[in-house]
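Structure at a glance
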Amino acid sequence: MGLEGQYYLKFYPHWDDLNDAIGLLWDYILVSETELIIPDARSRMYRMEKVEEYPVMEDEADCLEIIPYQSICYGLWEVTEEIGESYAPISTGYKIGTFGNPCSFDYCRVLDRYEESVDEMAELIGLGDGNNYLIYCKFSKDYFWDYMIIKDGMTAVIIKEECMYKVKRISNPEKDCIYDEFF
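Remember, it's a predicted structure, so these values are computed and weren't measured experimentally. (Residues numbered from 1 in each chain as written. Predicted model: local features only at pLDDT ≥ 70, side-chain atom pairs only at ≥ 80, totals over all residues. Heavy atoms only, no water.)

**Some thoughts on the sheet that holds strand 4 (residues 46-49)**
Taken in spatial order, the four strands line up as 1-2-3-4 in an open sheet, and their pairing is antiparallel. Both outer strands of the open sheet, strand 1 (9-11) and strand 4, are each paired with one neighbouring strand and no more. Taken pair by pair, the neighbouring strands of this sheet meet at an average axis angle of 30 degrees, ignoring direction. In the sheet, strand 2 (residues 28-32) pairs with strand 3 (residues 35-38) via three bridges, with the strands oriented antiparallel. Counted as the bridge partner of serine 32 is glutamate 35 from strand 3. (Pairing = 2+ DSSP bridges. Helix = DSSP H or I, 4+ residues; strand = E, 2+ residues; numbered from the N terminus. Axes fitted to C-alpha atoms, helices over the stretch in contact; angles between N-to-C directions.)

**A short note on the packing of aromatic side chains**
This structure, assessed with the given rule, holds four aromatic pairs. Between the aromatic rings of tyrosine 136 and tyrosine 147, the centroid separation amounts to 5.7 Å while the plane-to-plane angle is 55 degrees, which identifies the pairing as tilted. On the criterion of sequence distance, the pair formed by tyrosine 136 in strand 9 (residues 133-139) and tyrosine 147 in strand 10 (residues 147-150) is long-range, its members being eleven residues apart. The class for tyrosine 136 is buried, based on a relative accessible area of 10%. For tyrosine 147, a relative accessible area of 27% corresponds to the partly exposed category. (Phe/Tyr/Trp six-rings, centres within 6.5 Å; stacked < 30°, edge-to-face > 60°. Buried < 20%, exposed > 50% of the residue type's maximum accessible area, 1.4 Å probe, protein only.)

**Some words on the confidence of the model for the protein chain**
When pLDDT is averaged across the protein chain, the result is 75; 71% of the residues are at 70 or more. Predicted confidence in the protein chain is weakest over strand 5 (residues 64-65), with a mean pLDDT of 50, and strongest over strand 12 (residues 163-169), with 92. (pLDDT = per-residue confidence, 0-100.)

Structure, rendered in structure tokens:
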């Protein structure tokens, strides 16, 4: 399909008005900020290209939000590296459990890398150039961590205030069910 990068996002859109639905009950694959693929639409593949821009909103809610798709974050993780400042007592080897509790995350969002700050963050965490977007999930307020940025199915970055840590999955990704939404 011509996909590059460390992951791609498969999603099922929610339509407020079913008359607006394109490919009702089809899965979509986000390739870049301007392109979607429908891989199995009645035994064919369709490539969709964005032809119109919506007005840019400053509201954080104006992003592609992927509410149920948080299983990519679930599992047992181990800190492999500090990025910048350290948050005591977190260090290399520290274990983090993020299991299938639906209250662990408020939301997950997809951000385009054309934004300079998003692209800088992607480069800082080592996200490949083939990824045209960045996925981050916000932990709920009663959770210790603030955010998780997905690098691929086996690695991520977790953030607490200004402190960032690279983490690797040490649990089995199939048992964690991460492949239900992300590939």
